[in-house]
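# Remarks on the overall topology
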Amino acid sequence: MTGFGSLRTVLIVTGLGLLAGAPQPTRAAGPQRVTRDGQLKFSPAFIDGGRKLVFSAHNQPKRVSIIQLDLATGKQSLYYPIGSDSQFDIAFSRDRKIECFARSGGPRQLSLVIRNLVTNKDVVFDPPGAQRSTVRTPRFTPDGKRIVMTMNAPGGQQIVSLNLQGKDVRSLTASNGINGWPDISPDGKTIVFSSSRNGALDLWLMDANGDNQRPLIDSPRRDIYPSWSPDGRRIAFTSARDGNQEVYIVDRNGGNLRRVTEHPERDGFPVWHPDGRRLLTISERRGRFDFYLWNIATTAADAP
Amino acid sequence: MLSFGSFKTRDCQGLSRRSFLKASAALPFAAGLAGLDPQVLAAEAPKAKSVMLVWLIGGPSHLDLFDPKPKAPDLYRGPFAAIDTRTPGLRVTELLPRLANLSNKFSVVRTNINYNGGHREAGSIGMTGYSATDGGESGGGGPPGYQPHFGSILARHRARHRLEADSIDLPGFISLARGPIGDGVGPNFGYGGGSWGKGHDPFMFNCAQDGKVSIPELKLLDGLTKNRLASRRDVLAKLDALRRRADQRDFAKWNAVYKRAYNLISSIDANRVFDLSREKPATRDAYGHTSLGQSALLGRRLVEAGVPFVQVNWSQFVEVLFPNRDYGWDTHSDNFGLMADWHGPLLDRTLSALLEDLDQRGLLETTLVCCMGEFGRTPRINNIGSRDHWPHCYFSVWAGGGIQPGRVIGESDPNGEHPATDPVTPAMVGTTILELAGATSATRAQLQVLQDGGHVIDGLV
């Protein structure tokens, strides 16, 4: 077989790619491979100051579970050992007193579970509409009082916020197309998200209350999974702008676009390490999906 | 590696080749073989010695894959960009960059139609070419009204008119899945022999993401070791015990399963086929270390070994968010997130790897690959931001085995709701597959299958 090494070259020849204008990689060195299990995994989040990683994985044939990985020992364990439903897209309040995640199983296909670790009580939010409603990518506001997430809407998806009782649902977007993958700036004032309102999925910004929606960066192909850096100056995201799915970083003003990954297989799901110097990706290498930790070059633009 | 219940083996060293041949002569794979004198067709070999049906159960969205409509209204087009391919007039979405670059190796039909919007019914129609003629739904699992699957037809035909390349060790129709494919309600009726009986069902194997192969139906016989399975006396004792516990119908089923499994475990050659560790690591990597990827690789090995019909299923064994359901491509919920993260890229990788691999081994010319589901999904995005079932217009991908590559057949209307030209029925799909694989109109007439309304798809061969 020719393998995948030739794909990029062929794409240039056939005009399928947009390599001519693609920015150069920003990394200084190769990444550190964090896992070697190769499982399909997604939605990672650091906890405990970056000492642990929590993520969703297809660890059983018919079930998605939330897994906790101790980065010091490499030990993996079920984050929620009890339950037969699929659990994914976990998020944590800054004080770690509350967690939330999407759950599928039972009569509803996708619900949001808000788990209060202090009271040991769950609030389950079922989105309005049919049983097959969608709840994805929840994020806590920095003050821990609300959750911002993607929810289904007639003809598309919108970004909403709700309180910790699963009430007071407010629509932050109301455009045509698909709006999703929100992430909140560390100061809580701005939300970055992806929207197809103008055709392709591009990155947009809006104020925390949904006002002042404006484009951040666009391309003819999808830009999704934005992740705000701990210092609030940069946004990492997944883009297919070069014909293949890679991870990029852009400044919060839309400038200084640079590519982090460059590989003929897929890279995605970027999240920042709490130190702001490293970026975690889920990268497909030789047909397996593992975590890789990238040292971001300490240029003036990337220094935390 | 092949797994029988709780036992795993790399190959069979317990039986001699001679003893295997004795066993296989006594225990033919297909009921249709019994009493027949197979003829070997040395001349006039069909264009497709084997068929690989990559079945995307659940109904993949045509607008989000092979029939994008970027100029359609917002409520239809979806968020994925359309990209050029090597085929003039064919654009696909950005989720399929590898296949876009490989489109000179395959052709696409954009105007498939089905007659039912339910998975079980549409799947049955899609794999048999027929609607039920009577009581298929009310038979309590029995499918008296359903015609046999295209694979059952071809296996029966090849059992009587064997090609030189056809395997004598392996079943003529193999389906790769964890269990009978279907939906949350039950399996598709048209997955196997239908009105011809269970003897014409596919033999089912499951291939996990690590390449381990197992026989799901043998779980009932769990506890049998390799040695015990090789010992007919022990197995019969086990089956006698089962007979006392189960009703006669169950016993007959498992007795048949045992007989077929006995042949497989007895065959050194067969066990080699199922041992994916014999592949170069780069080849296994190229397919992707997912259940779908390794299943497709196993399918290629089965074709190489001379199995006439292999069905690779994107089924419950493939990556899903919803537990204990066989949704596959049934993306009523979060269609666009799932398509972007998993379904699109996994299909792109595995199907392109399969076509490249077959081509580079010189197998594509004699292997017909068809990739499709039972229907498409609603062009109009629904009230929960997703897409529902749509049997009125969908796609199929065709390659090898007599197919003219680099063509696009049919055009859908501006919103992808209905064929604007060239509607292609399930009977036409089946007729095309069987004709290319040597089950000609005369054969089909003799077998009394696919005689009404079907003809080879214009422009595809």
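Residues numbered from 1 in each chain as written. Chains lettered and ligands numbered in written order. Predicted model: local features only at pLDDT ≥ 70, side-chain atom pairs only at ≥ 80, totals over all residues. Heavy atoms only, no water.

What follows concerns the overall build of chain A. Within chain A one finds 1 helix and 24 strands. A buried classification covers 59% of the 304 residues belonging to chain A. For chain A, the share of sequence-separated contacts (at least 6 apart) that also reach a separation of at least 24 residues comes to 36%. (Helix = DSSP H or I, 4+ residues; strand = E, 2+ residues; numbered from the N terminus. Buried < 20%, exposed > 50% of the residue type's maximum accessible area, 1.4 Å probe, protein only. Contact = heavy atoms within 4.5 Å.)

Bringing the interface of chain B and chain A into the picture now. Reports of interface size often rely on the accessible area that becomes lost once the parts have come together. Contact with chain B, which involves 55 residues of that partner, is made by 60 residues of chain A. Counting each side, the surface lost to burial between chain B and chain A is near 4,900 Å², with a carbon and sulfur contribution of 55%. Linking chain B to chain A there are 6 salt bridges. Across the pair R349 of chain B and E265 of chain A runs a salt bridge, and its minimum N-O distance is 2.7 Å. At the boundary of chain B with chain A, the tally comes to 20 residue pairs in polar contact (both at pLDDT 80 or more). Among the secondary structure elements, those contributing two or more residues to the side of chain B that touches chain A are α2 (74–77), β5 (82–84), α3 (97–101), α10 (281–287) and α12 (335–360) of chain B. For the side of chain B that touches chain A, the leading source of residues is α12 of chain B, giving 12 residues. (Buried area = accessible area lost by both parts, 1.4 Å probe. Salt bridge = Lys/Arg side-chain N within 4 Å of Asp/Glu carboxyl O. Polar contact = N/O pair within 3.5 Å; in protein donor to acceptor, adjacent residues only side chain to side chain.)

Every disulfide links exactly two cysteines, by a covalent bond between their sulfur atoms. Residue and element names in this part refer to chain B. With the rule as written, the count across this model stands at 0 disulfides over all chains. Free cysteine C370: the closest other cysteine sulfur is in C371, separated by 7.4 Å. Overall, C370 belongs to the buried group, its relative accessible area being 0%. (Disulfide = S-S within 2.5 Å.)

Moving on, we get to helix α11 (residues 291–304) of chain B. Residue and element names in this part refer to chain B. Helix length check: α11, at 14 residues, gives a terminal C-alpha distance of 20 Å against a target of 20 Å (1.5 Å per residue), a fit within 8%. With 13 of 14 residues buried, α11 is to be regarded as a mostly interior element. Immediately downstream of α11, the backbone of G306 shows phi near 100°, a positive value. (Expected span 1.5 Å × (residues − 1).)

All names here are of chain A. Spatial strand order, β18-β19-β20-β21: 4 strands in an open sheet with antiparallel pairing. Among the strands making up the open sheet, the edge pair consists of β18 (223–228) and β21 (258–259). Note: strand β19 (residues 234–239) against strand β20 (residues 246–251), 6 bridges, orientation antiparallel. By the bridge assignment, A236 is partnered in β20 with I249. (Pairing = 2+ DSSP bridges.)

Turning to the confidence of the model for chain B, a few remarks are in order. All names here are of chain B. In the predicted model, chain B carries a mean pLDDT of 81, and the fraction of residues at 70 or more is 73%. This stretch, residues 1–38, has a pLDDT under 50; its non-local contacts, to residues over four places away or in other chains, come to 85 contacts. Segment residues 134–143 is flagged for pLDDT under 50; beyond a separation of four residues in sequence, or across chains, it makes 14 contacts in the model. As a predicted assembly, this complex carries a pTM of 0.87 together with an ipTM value of 0.89. (pLDDT = per-residue confidence, 0-100.)

Our focus in this paragraph is the nonpolar core. All names here are of chain B. F66, F106, L302, L351, L355 and V369 are the most contacted members of the largest nonpolar core, which has 84 residues in total. No other element matches α12, which puts 12 residues into this core. Discounting residues that sit within four places of it in the chain, V369 has contacts with M52, L351, L354, L355, L358, L364, V397, W398 and A399. Core analysis: the second largest hydrophobic core is formed by 41 residues, M127, Y130, F309 and V429 among them. (Core = buried A, V, L, I, M, F, W, Y, C linked by side-chain atoms within 4.5 Å.)

Take the pairing of strand β3 (residues 52–60) of chain A next. For a regular strand, the rule is simple: side chains alternate between the two faces of the sheet. Residues and elements named next belong to chain A. Where strand β2 (residues 41–47) lies against β3, 5 bridges are found, and the strand directions are antiparallel. Bridging across to β3, K41 finds its partner in A57. Taken together, β2 and the strand that follows it, β3, pair antiparallel across an intervening segment of 4 residues, in which D48 is found at a positive phi of about 55°. In this structure, β3 lies alongside strand β4 (residues 63–70), joined through 7 bridges in antiparallel fashion. Looking at β4, one finds that F55 is bridged to I67.

On to the side chain of S86 of chain A, then. Residues and elements named next belong to chain A. Secondary-structure assignment places S86 in strand β6 (residues 86–92). Overall, the relative accessible area of 0% leaves S86 in the buried class. Side-chain polar atoms of S86 contact the backbone nitrogen of V64, separated by 3.0 Å.

All names here are of chain B. Relative to the elements of secondary structure, T87 occurs in the loop between β5 and β6 (91–93). Residue classification places T87 among the buried residues on the basis of a relative accessible area of 3%. Note: C-alpha distance between T87 and Y76 (11 residues apart in sequence) is 24 Å. Discounting chain neighbours no more than four positions away, the residues touching T87 are S103, N104, G406 and R407.

Our focus in this paragraph is the packing of α11 of chain B against α12 of chain B. Residues and elements named next belong to chain B. Two elements in contact, α11 and α12, have axes separated by 9 Å at closest approach and are oriented at 20°. On the basis of the axis angle, α11 is roughly parallel to α12. Crossing handedness for the pair α11 and α12: right-handed. In contact with L292, G293, A296, L297 and R300 of α11, α12 contributes L346, T350, L354, D357 and L358. Residue composition of the contact of α11 with α12, grouped by class: 6 nonpolar, 2 polar and 2 charged. (Axes fitted to C-alpha atoms, helices over the stretch in contact; angles between N-to-C directions. Parallel < 35°, antiparallel > 145°, perpendicular 65-115°, else oblique. Left-handed = near helix turned anticlockwise from the far one by under 90°. Nonpolar A, V, L, I, M, F, W, Y, C, P; charged D, E, K, R; others polar.)

Right, let's get into the packing of aromatic side chains. If you walk through the whole model with that rule in mind, you get 19 aromatic pairs over all chains. Centroid distance F205 of chain B to F274 of chain B: 4.4 Å. Interplanar angle 35°. Geometry classified as tilted. A residue pair is termed long-range when its members are at least 10 positions apart, and F205 of chain B in strand β10 (residues 203–207) and F274 of chain B in the loop between α9 (268–273) and α10 qualify at 69 residues. Judged by its relative accessible area of 0%, F205 of chain B falls in the buried class. With relative accessibility at 0%, the residue F274 of chain B sits in the buried group. Linked through ring pairs, F42, F88, W181, Y225, F269 and F289 of chain A together with W342 of chain B together constitute an aromatic cluster. Above the ring of Y248 of chain A, the side-chain terminus of R241 of chain A is found at 5.6 Å from the ring centroid. (Phe/Tyr/Trp six-rings, centres within 6.5 Å; stacked < 30°, edge-to-face > 60°. Lys NZ or Arg CZ within 6 Å of the ring centre and 35° of its normal.)

Once that is clear, we can look at unusual backbone geometry. Although it is not a glycine, N120 of chain A sits at a positive phi angle of roughly 60°. Here N120 of chain A lies in the loop between β8 (108–116) and β9 (121–125). By relative accessible area, which is 67% here, N120 of chain A ends up exposed. Unusually for a residue other than glycine, Q448 of chain B sits at a positive phi of about 60°. Considering the arrangement of structural elements, one finds Q448 of chain B in the segment after α14 (441–447).

Turning to the sheet that holds strand β15 (residues 190–195) of chain A, a few remarks are in order. All names here are of chain A. The sheet built from 4 strands is open, its strands ordered β14-β15-β16-β17 with antiparallel pairing. The outermost strands of the open sheet, each flanked by one partner alone, are β14 (179–184) and β17 (214–217). Strand-to-strand, the axes of this sheet are offset by a mean angle of 35°, without reference to chain direction. Relative to β17, strand β16 (residues 202–207) runs antiparallel, the two being bridged by 3 bridges. Counted as the bridge partner of W204 is P215 from β17.

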